[in-house]
Amino acid sequence: MNEIKQRGQWGSTFGFLMASIGSAIGLGNLWGFPYKMGSTGGFAFLVVYLILVVTVGIALMMGEFALGRKTGTGVGAYAKLGEKYKVLGWMAAFCPFLILSFYAVLAGMTLRYCVGFLVQIFGMDGFAGQGSGFFGFLLYDTKSMVLFLALAMLITMAIVMGGVQGGIEKFSKVAMPALGVILIGIIIFVAFQPGAIEGYKFMFKPDFSQFSDFNSFFNVLKVASGQMFFSLSLAMGINITFGSYLSKEKSIQRNAVIVPFSDTLFALFAGMMIMPACAAFGVDYGAGPGLLFASMQNVFIDGMGGMAGNVVGFLFYFLVFIAAITSSIALLEVLTSGIVDKRIAKGKDPSRKKISLIFAVCIFVVGLPAAMDALGSGGAAIPAPYELLGLTPDSPGFAMWNDCWLDLYDMITEGVLMPLGALFMSLLLGWKFPNLVKEECEESGNAFKGAGYFKFAFRFLIPLVMILVLYTQIQAFFL
Ligand code: PHE
């Protein structure tokens, strides 16, 4: 068998797209995008985010696909470019580890809501008598938080161990469009709630006040950039791995536009569902990482109410959970297969099951603080980072990176390691291997479009944006 057959390739462009879109669309879109937009002024965030996706995101995704297909590996691609670049691969691989440890906490929470609504359908109380205020209760229900984190990790691990990702992909081909449909349905419902219009204004009405001073502009830039990395699954070897399975005749450039486009569409849907819901039900846009859960509970319980609310709530959380699980699988898989490939290359037994178990246990343990600190609401089973630092939410040093463990993990990955990885990757593709992307894209027989722009982007634009982001991050750290 030749090497290509052994590693496998996507049967069709559709299969490739579904897998990469399936990994891209997840909690980043539904949970991350609205809450980050809510914390940084709505319109300003949206504009900066869209500009970043078009100017930086597409180029980086294209670069990663090309790098993967050229070298035929995932995170190992950097080492193939040169021994000294190996460290970039390690850096990229650390991100899925830390991300999954909080991602699974959130996936567990969606599962908890899903079960809650299911129980309600059968006439029982699924939310401990708290109704629409359940979120505040759940945060301090440490046992449930840990139990559902464990369940989310267990399900992810079982799928990766069993190697049944193929089955899940078939399932997600139905679940993703279904999620799109239910999002549109909820958007329409929310649109008719009194006061919802303010939410659209928050998102779409031009308001440049965030751009009036450098600090707030850089803050928006930093948050939007982190969100872009997270949502497009950039700078952690995922798209490099996907690219390595893409056959030569498929167009890299086309796919590097379709994936970000679809991902952004889902993020916009989530925003158009949650922002008006906040306006209608009096939830603060800047409520932080709990925004999705807090606002949607109002929609299902107070807005729709009764059986309708229970059924739609169940369907919604079920589909969100599927979206979260397909992403969790990608995260655990990239770690597991990284080690498995290495062991096979060394002629050792791959021990796939053992490796995924070890990773899952470590990730669970690292995820515990994020599940037990009540997202930094104070006085929880485990103190949040700011509490450990002796700060209060009113102290000057209180910031988005120390307000809870989840945000700290988020800052380390999408705030520091990913921009750093992207900085090095664009410098490599811009200066050291300036023809790699162009040549690889031309392999499919299509002309390489926008050559001048991409050269400029890899050489100057992306490095500049990444340096600004890193600078802002470091500044926030020492504030
Ligand atoms: N992009 C996914 C999301 O938005 C998260 C993810 C990151 C998934 C990296 C896989 C790999 O939820």
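Since this is a predicted model, take the numbers as computed values, not measurements.

### Some thoughts on the overall build of the protein chain
Okay, so step 1: Secondary structure summary: the protein chain contains 20 helices and zero strands in total.
Okay, so step 2: Computed over C-alpha atoms, the radius of gyration of the protein chain comes to 22 Å, within 12% of the 23 Å expected from 2.2 N^0.38 for 479 residues, which places it in the range of a compact globule.
Okay, so step 3: Considered along the principal axes of its C-alpha atoms, the protein chain spans approximately 60 × 50 × 45 Å.
Okay, so step 4: A fraction of 79% describes how many contacts in the protein chain between residues 6 or more apart in sequence connect residues 24 or more apart.
Okay, so step 5: Here the protein chain displays about 18700 Å² of accessible surface, and carbon together with sulfur accounts for 69% of that area.

### With respect to the site of the ligand
Okay, so step 1: Neighbouring residues of the ligand: 15 residues in total, closest A24, G28, Y103, F230 and S231.
Okay, so step 2: Within the backbone of G28, an N or O atom sits 2.8 Å from an oxygen atom of the ligand.
Okay, so step 3: When isolated, the ligand has an accessible area of 320 Å², and the protein chains bury 100% of it.
Okay, so step 4: If you list the elements that add at least two residues to the shell around the ligand, you get α2 (13-24), α3 (27-39), α11 (214-231) and α15 (306-345).
Okay, so step 5: The residue inventory of the shell around the ligand, partitioned by class, reads eight nonpolar, seven polar and no charged.

### Looking at the nonpolar core
Okay, so step 1: Core analysis: the largest hydrophobic core is formed by 163 residues, its most contacted members being W31, M296 and F316.
Okay, so step 2: With 18 residues, helix α6 (residues 86-121) is the single largest residue contributor to this core.
Okay, so step 3: Ignoring sequence-local partners within four residues, the contact set of M296 consists of I186, M273, I274, F316 and Y317.

### Section: the packing of α6 against helix α16 (residues 352-372)
Helices that pack against each other are described as a pair by the angle of their axes relative to one another and the distance between those axes.
Okay, so step 1: Two elements in contact, α6 and α16, have axes separated by 8 Å at closest approach and are oriented at 60°. Accordingly, the angle class assigned to the pair α6 and α16 is oblique. Like other packed secondary-structure pairs, α6 and α16 cross with a definite hand, here right-handed. Mapping the contact onto sequence places F97, L98, L100, S101, F102 and V105 in α6 and F359, C362, I363, V366, G367, A370 and A371 in α16.

### So, the pattern of salt bridges
Okay, so step 1: Using the criterion set out here, one finds eight salt bridges in the structure.
Okay, so step 2: Across the pair K86 and E83 runs a salt bridge whose closest N-O atoms are separated by 3.5 Å.
Okay, so step 3: Accessibility expressed as a relative area gives 35% for K86, which makes it partly exposed.
Okay, so step 4: Relative accessible area serves as the criterion here: at 57%, E83 is assigned to the exposed category.

Criteria and cut-off values
Residues numbered from 1 in each chain as written. Predicted model: local features only at pLDDT ≥ 70, side-chain atom pairs only at ≥ 80, totals over all residues. Heavy atoms only, no water. Helix = DSSP H or I, 4+ residues; strand = E, 2+ residues; numbered from the N terminus. Rg over C-alpha atoms; globule rule 2.2 N^0.38 Å. Contact = heavy atoms within 4.5 Å. Areas by Shrake-Rupley, 256 points an atom, 1.4 Å probe, with all protein chains shown as cover. Near = heavy atom within 4 Å. Polar contact = N/O pair within 3.5 Å; in protein donor to acceptor, adjacent residues only side chain to side chain. Nonpolar A, V, L, I, M, F, W, Y, C, P; charged D, E, K, R; others polar. Core = buried A, V, L, I, M, F, W, Y, C linked by side-chain atoms within 4.5 Å. Buried < 20%, exposed > 50% of the residue type's maximum accessible area, 1.4 Å probe, protein only. Axes fitted to C-alpha atoms, helices over the stretch in contact; angles between N-to-C directions. Parallel < 35°, antiparallel > 145°, perpendicular 65-115°, else oblique. Left-handed = near helix turned anticlockwise from the far one by under 90°. Salt bridge = Lys/Arg side-chain N within 4 Å of Asp/Glu carboxyl O.

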